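# Observations on the model geometry
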Amino acid sequence: MEPFEIVMTIINTLAVIAIPVVSVMMGHHLQNRSEKRKDKMNIFQCLMTHRATGWANPVAVDALNTIDIVFANSEAVCQQWHKLFDKYRPEILYQEQYKEQCKLLELMAIDLGYKDKITWDTIQSPYYPVGLSQQAERNTEIMKGQLAWAKAAEQFANSIQPNNSPTVATSTEKENTNGSN
């Protein structure tokens, strides 16, 4: 066998062994990348969906709590999340919190490759129908009314004095009394 044939045989053997290994590794890498993007997209979609009604519902809270994990390789997103988290205090106005929420969504959109497709205007223009707003107001009024009734009932119950009439003896107490005579 000539040296050229030996080299070609070695190259072909290495190729037969290496190609499946490399293709499996590439497939695994692409699948991981796809899963990471899917996780990022789920968080982004959840927060975009709930931006009109607020992020104080369990699904949005879960999404917020996974940002540090899912967007770990996006320093800008993680920094903005921590900035927003610091704004979640009672003394901070909602408008300031909302502005930071929109910045977070904007950075997520950029990270996902939607820089020119999902703009600041898109983020700040959610659909929120008037009927849904009116229903939320009615539900709040109902809950306030129920709370007022519960407080009034508690005050009424506390204002009633215990009855000072003699207690009725139970059958056991009567037997003990009769047996001692």
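What comes next is a walk through the structure. (Residues numbered from 1 in each chain as written. Predicted model: local features only at pLDDT ≥ 70, side-chain atom pairs only at ≥ 80, totals over all residues. Heavy atoms only, no water.)

## Things to note about the overall build of the protein
Definition in use: Runs of E in the DSSP output that reach at least two residues are strands. Runs of H or I that reach at least four are helices, and both are numbered from the N terminus. Note on contacts: a residue pair is in contact if any heavy atoms of the two residues lie within 4.5 Å. For the area figures, the Shrake-Rupley method with a 1.4 Å probe applies, and any residue is considered shielded solely by the protein chains shown.
When you go through the protein residue by residue, the secondary structure sums to eight helices and zero strands. When its helices and strands are written in sequence order, the protein yields α-α-α-α-α-α-α-α. Within the protein, counting contacts between residues at least 6 apart in sequence, those at least 24 apart form 52% of the total. Summing over all exposed atoms, the protein offers an accessible surface of approximately 13900 Å²; the carbon and sulfur share of this is 59%.

## Let's talk about the packing of helix H1 (residues 3–49) against helix H5 (residues 94–111)
Counted only if it meets this: In this description, a line fitted to the C-alpha atoms serves as the axis of each element, helices being fitted only across the stretch in contact, and the angle between N-to-C directions of two axes falls anywhere from 0 to 180 degrees. Note: crossing handedness is left-handed where the near helix turns anticlockwise from the far helix by less than a right angle, and right-handed where it turns clockwise. Amino acids outside the nonpolar list (Ala, Val, Leu, Ile, Met, Phe, Trp, Tyr, Cys, Pro) and the charged list (Asp, Glu, Lys, Arg) are all regarded as polar, and Gly is one of them.
Where H1 meets H5, the closest approach of the two axes is 10 Å, and the angle between their N-to-C directions is 145 degrees. Crossing handedness for the pair H1 and H5: left-handed. Facing H1, whose interface residues are Lys40, Ile43, Phe44, Leu47 and Met48, H5 presents Leu105, Met108, Ala109 and Asp111. Partitioning the contact of H1 with H5 into residue classes produces seven nonpolar, no polar and two charged.

## Re the environment of Ala72
What counts, and what does not: Only protein chains enter the calculation, and the probe is 1.4 Å; a residue is then buried if its accessible area is under 20% of its type maximum, exposed if over 50%, and partly exposed in between.
Secondary-structure assignment places Ala72 in the loop between helix H3 (67–70) and helix H4 (75–87). Its relative accessible area of 48% is what places Ala72 among the partly exposed residues. Here Ala72 is in contact with Ile67 and Cys78, once residues within four sequence places are set aside.

## Topic: the packing of H4 against H5
We apply this condition: Geometric relationships in this document are graded by angle, where less than 35 degrees denotes roughly parallel, more than 145 denotes roughly antiparallel, 65 to 115 denotes roughly perpendicular, and other angles denote oblique.
Contact geometry for H4 and H5: axes closest at 9 Å, N-to-C directions at 165 degrees. One element, H4, and the other, H5, form an angle in the roughly antiparallel class. For the element pair H4 and H5, the recorded crossing hand is left-handed. Here Ala76, Val77, Gln80, Trp81, Lys83, Leu84 and Lys87 of H4 lie close against H5, whose contacting residues are Glu96, Gln97, Glu100, Gln101, Lys103, Leu104, Leu107, Met108 and Asp111. Taken together, the residues of the contact of H4 with H5 sort by class into seven nonpolar, three polar and six charged.

## Description of the pattern of salt bridges
Rules: Any carboxyl oxygen of Asp or Glu that lies within 4 Å of a side-chain nitrogen of Lys or Arg is treated as forming a salt bridge with it.
Scanning the model with the defined rule gives five salt bridges in all. A salt bridge links Lys40 to Asp111; the nearest nitrogen and oxygen atoms lie 2.8 Å apart. Highlighted residues: Lys40 in helix H1 and Asp111 in helix H5, separated in sequence by 71 residues. The partner of Glu100 in a salt bridge is Lys103, with the nearest N and O atoms 3.8 Å apart. One end of the pair, Glu100, and the other, Lys103, are both in helix H5, three residues apart, so they sit about a helical turn from each other. For Glu100, a relative accessible area of 5% translates into the label buried. The exposure class assigned to Lys103 is partly exposed, which follows from its relative accessible area of 24%. Through salt bridges with shared partners, one network takes in Lys83, Glu100 and Lys103.

Everything listed here is a matter of coordinates, which is why it stays silent on function.
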